[in-house]
Amino acid sequence: MLEATLREAGATAPELERPACAWLRELKQIRRAAGAVRDLDVQRKLLENWVGKQMPGQDAAPGSSETIQPEMQAEMKQAEMLDAWLKGERKHLAQGMQKQVRKRQQGLAKGQGALFTAMTRVPLGKFMTPRSADAVALEEFVRAADAMPLLHAENLHDFRKATKKARYVAEVGAEGDSSVAKALKRVQDAIGEWHDWLRLGEEAKAALGQDAPELTAAFTRQIEHHFAAAVKTTQSMRGRLLGEWMAAKSPGKRPPGTVAPGDRRIASNQRSA
């Protein structure tokens, strides 16, 4: 959200572009290291919740044991092994994150000071824009939609990343009370849930290889289910947001580099990752 705000401010106050980019470069390195740790936290929680749903009324931690079907026993044992592997990976990545924070701490503080100093020298009026946050967000969304007219398993996550700025701009401008922001969040959340399962499936293959056929099959079903749900939600919200953008624009006026979105639609071929 902060990055989106700074980049939007840079469009109206060019003198902020250099100090903002310098600071964001340092921040990006820390965010990347922290993001890898966060991803593993998300995957462990996802695994824990899935185990809990498979074994209602029992401890939701991998490794719970009671009289259950052989296939379920295999899944739970494999889930326990996966959780142990994820825990070890997180410990390793957390050390790398701490090292990156220490390495970047001085540069981050210096960049932040330079940015704040530059901001005090920019007249307040320069940060103002005659367009609403929703209008800016819709244009960002349309550009992303035109860049990826057909969505499938190979580019769905890229579409989520491309529309992230649009969501943040809408949320900042409306302070959470924006129908555009809410629609974009639904897209982000739906694709994010699918991508979390996709990553968990990849981690399972890396950790267990061919030794976890039951768990792999269960995860594949989850990935396919959440992919179908993500496509359905994205298709619905995409049509709605493109309609709002077209209604708000005068005929013949579109953001540079875009084309009429009327024929855009998401590919019906729901290929599994």
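Values in this document were obtained by computation on a predicted structure and should not be read as measured data.

Enquirer: How do you make sense of the overall build of the chain when you look at a structure like this?
Expert: Per the secondary structure count, the chain includes eight helices and zero strands. Start at the N end of the chain and walk to the C end: the helices and strands fall as α-α-α-α-α-α-α-α. Put simply, the chain has 273 residues, and 38% of those count as buried. Across the chain, the fraction of contacts at a sequence separation of at least 24, relative to all contacts at a separation of at least 6, is 77%. Split by element, the accessible area of the chain, about 15,500 Å² in all, is 51% carbon and sulfur.

Enquirer: How do you make sense of the packing of helix α2 (residues 17–54) against helix α3 (residues 70–120) when you look at a structure like this?
Expert: A pair of packed helices can be characterised by two numbers: the angle between their axes and the separation between those axes. At a minimum axis distance of 7 Å, the contact between α2 and α3 shows a crossing angle of 160°. Looking at the two axes, α2 sits roughly antiparallel to α3. As for the relative orientation of α2 and α3, their crossing is left-handed in sense. Within the contact of α2 with α3, the residues separate by chemical class into 26 nonpolar, seven polar and nine charged.

Enquirer: Looking at this structure, how should I read the nonpolar core?
Expert: Nonpolar side chains in soluble globular proteins tend to be buried together. Leu-47, Trp-50, Leu-82, Phe-159, Trp-194 and Phe-219 are the most contacted members of the largest nonpolar core, which totals 51 residues. Within the residue set of this core, elements represented by two or more residues are α2, α3, α4 (133–147), α5 (156–162), α6 (164–174), α7 (179–208) and α8 (213–248). When residues of this core are assigned to their parent elements, the largest contribution, 13 residues, is made by α7. Apart from residues no more than four positions distant in its own chain, Phe-219 is found in contact with Leu-47, Trp-50, Leu-82, Trp-197, Leu-200, Gly-201 and Ala-204. By size, the runner-up hydrophobic cluster in this structure holds eight residues, among which are Leu-16, Ala-20, Ile-30 and Ala-118.

Enquirer: Help me out: how do you make sense of the side chain of Glu-203 in this one?
Expert: Tracing the backbone through its elements, the reader meets Glu-203 in helix α7. The exposure class assigned to Glu-203 is buried, which follows from its relative accessible area of 13%.

Enquirer: For this particular structure, what's the right way to read the confidence of the model for the chain?
Expert: A low pLDDT means the predicted coordinates there should not be read in detail. In the predicted model, the chain carries a mean pLDDT of 81, and the fraction of residues at 70 or more is 77%. When the elements of the chain are averaged for pLDDT, helix α1 (residues 2–12) gives the smallest value, 55, and α7 the largest, 95. Here residues 255–273 scores under 50 on pLDDT; set against residues more than four positions off or in separate chains, the count is 41 contacts.

Enquirer: How should I be thinking about the packing of aromatic side chains in this particular structure?
Expert: Each aromatic ring pair is summarised here by two numbers: the centre-to-centre distance and the angle between the ring planes. Overall, the coordinates contain four aromatic pairs when judged by the stated rule. Ring plane angle 75° and centroid distance 5.8 Å describe the contact between Phe-141 and Phe-159, whose orientation is recorded as edge-to-face. One end of the pair, Phe-141, is in helix α4; the other, Phe-159, is in helix α5, with 18 residues separating them in the sequence. In this structure Phe-141 comes out as buried when scored by relative accessible area, which is 1%. On the basis of an interplanar angle of 70° and a centroid distance of 5.5 Å, the ring pair of Trp-197 and Phe-219 is categorised as edge-to-face. Here Phe-219 lies in helix α8 and Trp-197 lies in helix α7, a separation of 22 residues in the sequence. For the pair Trp-197 and Phe-219, a shared accessibility class is recorded, and that class is buried. Joined through ring pairs, the aromatic side chains of Trp-50, Trp-197 and Phe-219 make up one cluster.

Enquirer: When you look at the pattern of salt bridges in this model, what are you seeing that I'm missing?
Expert: Pairing between side chains becomes possible if they bear opposite charge and their charged atoms approach one another. Counted according to the given criterion, the structure contains 15 salt bridges. Measuring nitrogen to oxygen at the nearest pair gives 3.8 Å for the salt bridge that ties Glu-139 to Arg-143. Of this pair, Glu-139 and Arg-143 are both found in helix α4, four residues apart, which corresponds to roughly one turn of the helix. Lys-185 is paired through a salt bridge with Asp-189; the nearest N and O atoms lie 2.6 Å apart. Taken together, the positions of Lys-185 and Asp-189, both in helix α7 and four residues apart, correspond to about one turn of that helix. Linked through salt bridges whose partners overlap, the residues forming this network are Arg-38, Asp-39, Arg-199, Glu-202 and Glu-203.

Enquirer: Teacher, can you tell me more about the environment of Pro-19 here?
Expert: One can find Pro-19 in helix α2. Residues contacting Pro-19, with those up to four places away along its chain left out, are Ala-114, Leu-115 and Ala-118.

Cut-offs and rules
- All residue numbers here refer to positions counted from 1 along the written sequence of the relevant chain.
- Totals for whole chains, interfaces and linings use every residue, but because this is a predicted model, local features are given only for residues with pLDDT of at least 70 and side-chain atom pairs only at 80 or more, for both listing and counting.
- To get the side-chain values, take all heavy atoms of the structure and skip hydrogens and water.
- Per the convention used, a helix needs a DSSP run of H or I reaching at least four residues, while a strand needs a run of E reaching at least two, with both numbered from the N terminus.
- The buried label goes to any residue with under 20% of its type's maximum accessible area, the exposed label to any with over 50%, and the partly exposed label to all in between, with areas taken from a 1.4 Å probe on protein chains only.
- Residues are treated as being in contact if the distance between any of their heavy atoms lies within 4.5 Å.
- Only the protein chains shown count as cover for residues, with accessible areas throughout obtained via the Shrake-Rupley method and a probe of 1.4 Å.
- All axes are obtained by fitting lines to C-alpha atoms, using only the stretch in contact for helices, and the reported angles, taken between N-to-C directions, cover 0 to 180 degrees.
- Throughout this description, any angle smaller than 35 degrees is read as roughly parallel, any larger than 145 degrees as roughly antiparallel, any in the 65 to 115 degree range as roughly perpendicular, and the remainder as oblique.
- For a crossing to be left-handed, the near helix must be turned anticlockwise from the far one by less than a right angle; the clockwise case is right-handed.
- Classes in brief: Ala, Val, Leu, Ile, Met, Phe, Trp, Tyr, Cys and Pro nonpolar; Asp, Glu, Lys and Arg charged; the others, Gly included, polar.
- Note on terminology: a nonpolar core comprises buried Ala, Val, Leu, Ile, Met, Phe, Trp, Tyr and Cys residues joined through side-chain atoms within 4.5 Å.
- Per residue, pLDDT captures the predictor's confidence, and it can take any value from 0 to 100.
- Only the six-membered ring of Trp is used, alongside the rings of Phe and Tyr, when aromatic pairs are assigned; centres must lie within 6.5 Å, and planes under 30 degrees apart are stacked while those over 60 apart are edge-to-face, with the rest tilted.
- Put simply, a salt bridge is a Lys or Arg side-chain nitrogen that is within 4 Å of an Asp or Glu carboxyl oxygen.

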